[in-house]
Amino acid sequence: MTTRRLVISRSAVLVGAASTGLLRPSSARAQSGRVRVGLMLPYTGTYAQLGVAIENGVRMAIDQQGGLLGGRAIEWFKVDDESEPGKGVENASKLVQRDKVDVLIGTVHSGVQMGIQKVARDTGVLNLIPNAGVHAATRALCCANVFRTSFSNAQPTLALGKAMVDRGHRRAVWITWKYAAGDEAFEGFKQSYTAAGGSIVKELGLPFPNVEFQALLTEIAALKPDAVACFFAGGGAAKFIRDYVAAGLKNKIALYGSGFLTEGMLDAAGPAAEGIITTMHYSDSLDTPRNKQFRLEYAKTFRSQPDVYAVQGYDTGLLLVQGANAVKGDLSAKPALYKALEAAVIDSPRGKWRMSRAHNPVQDIYLRRVENGENKVIRAGGHGRATRSAGHARPAPWLRHCFARAS
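Let us look at the structure shown here.

Calculation notes
Residues numbered from 1 in each chain as written. Predicted model: local features only at pLDDT ≥ 70, side-chain atom pairs only at ≥ 80, totals over all residues. Heavy atoms only, no water. Helix = DSSP H or I, 4+ residues; strand = E, 2+ residues; numbered from the N terminus. Buried < 20%, exposed > 50% of the residue type's maximum accessible area, 1.4 Å probe, protein only. Pairing = 2+ DSSP bridges. Core = buried A, V, L, I, M, F, W, Y, C linked by side-chain atoms within 4.5 Å. Contact = heavy atoms within 4.5 Å. Axes fitted to C-alpha atoms, helices over the stretch in contact; angles between N-to-C directions.

## Some remarks on the overall build of the protein chain
Thought 1: Along the backbone of the protein chain there are 14 helices and 15 strands.
Thought 2: Buried positions account for 59% of the 407 residues belonging to the protein chain.

And the structure:
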């Protein structure tokens, strides 16, 4: 993906005096006729391109609806979360306390989302999650005012295991960054792979965002599995792919991954990515009028090709527009707003999807192969879909609790 320049800045002058405590969103409406939208995304570091793509998608969806939310103009506020979990509460509090946002859109990193989750639960601010798949957001820590428009971390890999076994790969090594997203992606892979008859030879990991893969690749070569399955994303994913080839493994041990391995990084990975098979809730090559229209308009607007992060941002914008329109821009009308968000059907470039009872997308997962620099859907059974899932890796005793809080 072409690098896009973005200047991070405050988008409006603060109104009113600073508060000593966290303000609830209802305080904001008394101070401004505009809807105050906060973006808490990574704009630096290995996930920077992801943050930019998400913001592009959000803005594009809202601009296509006239640039208004329920008839009200928008003030934008931005914080670079730096993919730093230790600053999650502080940064989210800035948007709620200092900027008095009506809705907080964020974030990418699962660890950072846990900070946002705390602020959202404490203050009642509407939080739309455009990427972070951390399970707790729609499980143990779910709440009525948090909605995810992306995936749960186990969702893509729940479709991966059987696809690997079906291709004769019965002994696999798993490798990832050791943080919430990697651990939970492994949960989905382990469940699906072992259920299909596969055996996990070893689980390997390194701290996020470390990209010194050589020692682990040497260990993989010595283990001689049938295949490697992994979770990496952003710039680190491109480096892992290049290092995998440099270690001489590409033509010896098949490489599979959660779809984030090849999202937005195919230009950076180059020919090294050819042939990698992944599972994901979106593919560049989806042959639908909706996807073609979206890709054309995004390319014209931003002079770059969209990826799944842009789609997730776009769908976040679509969801927010539907909710705001339902309450005529009054985001303080919480019961009506939440009911509208829960009932929304998003006509997405990835295919239509809806919310589960726990506020997680119920959506199709596609089996894809990198061909000629694109993630191509593998035509299995004429439709290329691996599964349709709400992202629950196992029976969900927490679901009744989530639904009760969301009612």
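## A word on the pairing of strand β13 (residues 361-371)
Thought 1: Counting buried residues in β13 gives nine out of 11 residues, a clear majority hidden from the surface.
Thought 2: Two elements, strand β12 (residues 353-355) and β13, share two bridges in a ladder whose sense is antiparallel. Bridging across to β13, R354 finds its partner in V362.
Thought 3: For β13 and strand β14 (residues 374-377), the ladder comprises four bridges, and the chain directions are antiparallel. Each residue of the ladder has a partner; that of E371, found in β14, is E374.

## A look at the nonpolar core
Thought 1: Within the largest apolar cluster, 101 residues are counted, with the highest numbers of intra-cluster contacts made by F232, F240 and L320.
Thought 2: Here this core takes 10 residues from helix α12 (residues 308-326), the largest share from any one element.
Thought 3: Apart from residues lying up to four places away in sequence, F232 is in contact with I175, T176, W177, L206, F213, A237, F240, F260 and L261.
Thought 4: Among the nonpolar cores identified, the runner-up in size contains 19 residues, and L95, A120, A137 and V146 belong to it.

## Here we look at the sheet that holds strand β3 (residues 103-105)
Thought 1: The strand order across the open sheet built from five strands is β2-β1-β3-β4-β5, with neighbouring strands paired in parallel fashion. Edge positions in the sheet fall to β2 (74-80) and β5 (146-148), since each of these pairs with one other strand and no more. Adjacent strand axes in the sheet meet at a mean angle of 20°, parallel and antiparallel pairs treated alike.
Thought 2: Inspection of the sheet shows strand β4 (residues 126-129) paired to β5 by three bridges, in the parallel sense. Looking at the pairing, N127 lines up with V146 of β5.
Thought 3: Packing against the sheet, helix α4 (residues 110-123) makes contact with β1 (35-41), β3, β4 and β5, and its axis sits at approximately 160° to β4.

Coordinates in, geometry out; function isn't part of it.
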